[in-house]
Protein chains: 2
Amino acid sequence: MSTRNHTRQMLIETTAKLLQNQGYNATGLNQITQLSGAPKGSLYYHFPEGKEQLACEAVSHTKNVTLANLRSVLDSKADATQAVQELLMVLAEQVDRENAELGIPIGVIAHETAGSNENIRKACCGVYNAWIGEFENKFVACGYAPEEAKEIAVSINALIEGSMIMCLTQRDSAPIRTAAKLVPRLLQP
Amino acid sequence: MSTRNHTRQMLIETTAKLLQNQGYNATGLNQITQLSGAPKGSLYYHFPEGKEQLACEAVSHTKNVTLANLRSVLDSKADATQAVQELLMVLAEQVDRENAELGIPIGVIAHETAGSNENIRKACCGVYNAWIGEFENKFVACGYAPEEAKEIAVSINALIEGSMIMCLTQRDSAPIRTAAKLVPRLLQP
DNA sequence: GTCTATAGCGGGATAGAC
DNA sequence: GTCTATCCCGCTATAGAC
């Protein structure tokens, strides 16, 4: 029973990491099984619907992990502006540290599958909505009106996503740092 | 000579469209040749280095097309804030109209290849820089200080890119419309 | 310049022993 | 539950006739 869960979990975590760095189409089942140490046979035992199911569960797993991180960073500062800026600085340092082998949690797969795979698209949708909800809660807690909090949350999430793509493409943390500088404008009352 | 150019051009334009909607890894050479009406033999005649070269030229072609559109929209309004909002409204209408089969010009391929293909990565980098330059010029022309103009340009580009990904993932133009609402905050002096 | 045929590889998925 | 062997397919790339 614990073996079952362990193998399953390894497959999900390995897939999550590969999806983040390479995307859905570039990530093969062979690579997943080799890296996770699990045999291909057991992959289809644990995920009878194959690659799509595995990807959905990996995205869902990523959602849980990133949401916990996001919450903890946002909670580290009482002020909304400072909290968002702190988050962007954490991301900027990630870019500087990992540079080439960095990925945005679900950016690539969300982009790739938006028009071609409904199940994965919905899973990614759930991640974005969860992130936005987290920002929203923070802003409401800081006194923003509910409607305004939601709008700012959506655009903060978009700004981060777009800035990170540019960071990856340019191999430079400048875009996310620039975004951090402009956050006060977006968050002003 | 004109045949040569015509076939070449068709291949580039077809590839550009497919890359936009499906990304690099999901787009096959067979699909490109079939859709463009060109035979596979002639593909390798025109692009001896194969898929990578074709993709680079397609990205470069997309750069020219999008840059002309961007410039024309930004020029349609004298005021910087109104010009950017106009652009976002054009994009929102595109999302509403095409919904499923919409793509961001180079978003997917930029994301996919950032960590795995230097040539394509650089080509995408060139597109983002060109777009940012266009915004920058507009803002400088509207009286912003050069440094501030550049910073805002970078973040506007990021906001658009991120909002569009969310639009595609959610199949809804709301995120880009929300961004439009918040543009005045980013652009305020 | 154009086209066909095919090589060579890796992908996802399956069958069946253990 | 695990593992191997294998099927079938589509991909990129190439060879060579025309």
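Residues numbered from 1 in each chain as written. Chains lettered and ligands numbered in written order. Predicted model: local features only at pLDDT ≥ 70, side-chain atom pairs only at ≥ 80, totals over all residues. Heavy atoms only, no water.

## Concerning the protein's contact with DNA strand D
Link 1 in the chain: Near DNA strand D lie 16 residues; those nearest to it are Pro39 of chain A together with Leu29, Lys40, Tyr44 and Lys51 of chain B.
Link 2 in the chain: Near the protein, within 4 Å, the atoms of DNA strand D are sugar or phosphate in 61% of cases.
Link 3 in the chain: Within the backbone of Thr27 of chain B, one N or O atom sits 3.4 Å away from a phosphate oxygen of DNA strand D.
Link 4 in the chain: Note that a phosphate oxygen of DNA strand D is positioned 2.9 Å from one of the side-chain N or O atoms of Lys51 of chain B.
Link 5 in the chain: Broken down by element, the surface near DNA strand D gets its largest block of residues, 4 residues, from helix H3 (residues 40-46) of chain A. (Near = heavy atom within 4 Å. Polar contact = N/O pair within 3.5 Å; in protein donor to acceptor, adjacent residues only side chain to side chain. Helix = DSSP H or I, 4+ residues; strand = E, 2+ residues; numbered from the N terminus.)

## Quick notes on the protein's contact with DNA strand C
Link 1 in the chain: Taken together, 15 residues lie near DNA strand C, and Leu29, Asn30, Tyr44 and Lys51 of chain A together with Pro39 of chain B sit nearest.
Link 2 in the chain: By atom count, sugar and phosphate contribute 63% of the portion of DNA strand C lying within 4 Å of the protein.
Link 3 in the chain: Asn30 of chain A places a side-chain nitrogen or oxygen 2.9 Å from a phosphate oxygen of DNA strand C.
Link 4 in the chain: Between DNA strand C and the protein, one listed contact pairs a phosphate oxygen with a side-chain N or O atom of Tyr44 of chain A at 2.6 Å.
Link 5 in the chain: When grouped by side-chain class, the residues that make up the surface near DNA strand C number 4 nonpolar, 9 polar and 2 charged. (Nonpolar A, V, L, I, M, F, W, Y, C, P; charged D, E, K, R; others polar.)

## Looking at the UniProt feature "DNA-binding region" (unreviewed entry) in chain A
Link 1 in the chain: Residues annotated by UniProt as "DNA-binding region" (unreviewed entry) correspond here to residues 28-47 of chain A.
Link 2 in the chain: Segment residues 28-47 of chain A splits into 75% helix and 0% strand. End C-alpha atoms: 15 Å apart. (UniProt positions renumbered as here; feature names shortened; annotations may be inferred.)

## A short note on the packing of aromatic side chains
Centre-to-centre distance and the angle between the planes together describe a pair of aromatic rings.
Residues and elements named next belong to chain A.
Link 1 in the chain: In this structure the tally under the stated criterion is 6 aromatic pairs over all chains.
Link 2 in the chain: Judged by centre distance (6.3 Å) and plane angle (25 degrees), the rings of Phe135 and Phe139 are stacked. Note that Phe135 and Phe139 are positioned in helix H7 (residues 118-141) at a spacing of 4 residues, about one turn of the helix. Note on accessibility: Phe135 and Phe139 belong to one class, buried. (Phe/Tyr/Trp six-rings, centres within 6.5 Å; stacked < 30°, edge-to-face > 60°. Buried < 20%, exposed > 50% of the residue type's maximum accessible area, 1.4 Å probe, protein only.)

## Some thoughts on the UniProt feature "domain: HTH tetR-type" (unreviewed entry) in chain A
Link 1 in the chain: Feature annotation in UniProt assigns "domain: HTH tetR-type" (unreviewed entry) to the following positions: residues 5-65 of chain A.
Link 2 in the chain: Secondary structure across residues 5-65 of chain A divides into 79% helix and 0% strand, with the first and last C-alpha atoms of the span separated by 18 Å.

## Re the side chain of Asn117 of chain B
All names here are of chain B.
Link 1 in the chain: Within the fold, Asn117 resides in the loop between helix H6 (107-113) and helix H7 (118-141).
Link 2 in the chain: In this structure the side chain of Asn117 is engaged in a polar contact, spanning 3.1 Å, whose partner is the backbone nitrogen of Asn119.
Link 3 in the chain: Among the polar contacts listed, one links the side chain of Asn117 to the backbone nitrogen of Ile120, at a separation of 3.1 Å.
Link 4 in the chain: Residue contacts for Asn117: discarding those within four places in its chain leaves Tyr24 and Glu52. (Contact = heavy atoms within 4.5 Å.)

## Focus on the interface of chain A and chain B
Link 1 in the chain: Facing 44 residues of chain A, the contacting portion of chain B comprises 44 residues.
Link 2 in the chain: Together chain A and chain B conceal approximately 3,900 Å² of surface at their shared face, both sides included; 61% is due to carbon and sulfur atoms.
Link 3 in the chain: Area buried by chain A at its contact with chain B is led by His111, Thr169 and Arg185 of chain A, which between them contribute 19% of it.
Link 4 in the chain: Where chain A meets chain B, there are 17 residue pairs in polar contact (both at pLDDT 80 or more).
Link 5 in the chain: Of all the secondary structure elements, the ones that give two or more residues to the side of chain A that touches chain B are helix H6 (107-113), H7, helix H8 (146-170) and helix H9 (174-187) of chain A.
Link 6 in the chain: Ranked by residues supplied to the side of chain A that touches chain B, first place goes to H8 of chain A with 16 residues.
Link 7 in the chain: Here the side of chain A that touches chain B is composed, by residue class, of 22 nonpolar, 13 polar and 9 charged. (Buried area = accessible area lost by both parts, 1.4 Å probe.)

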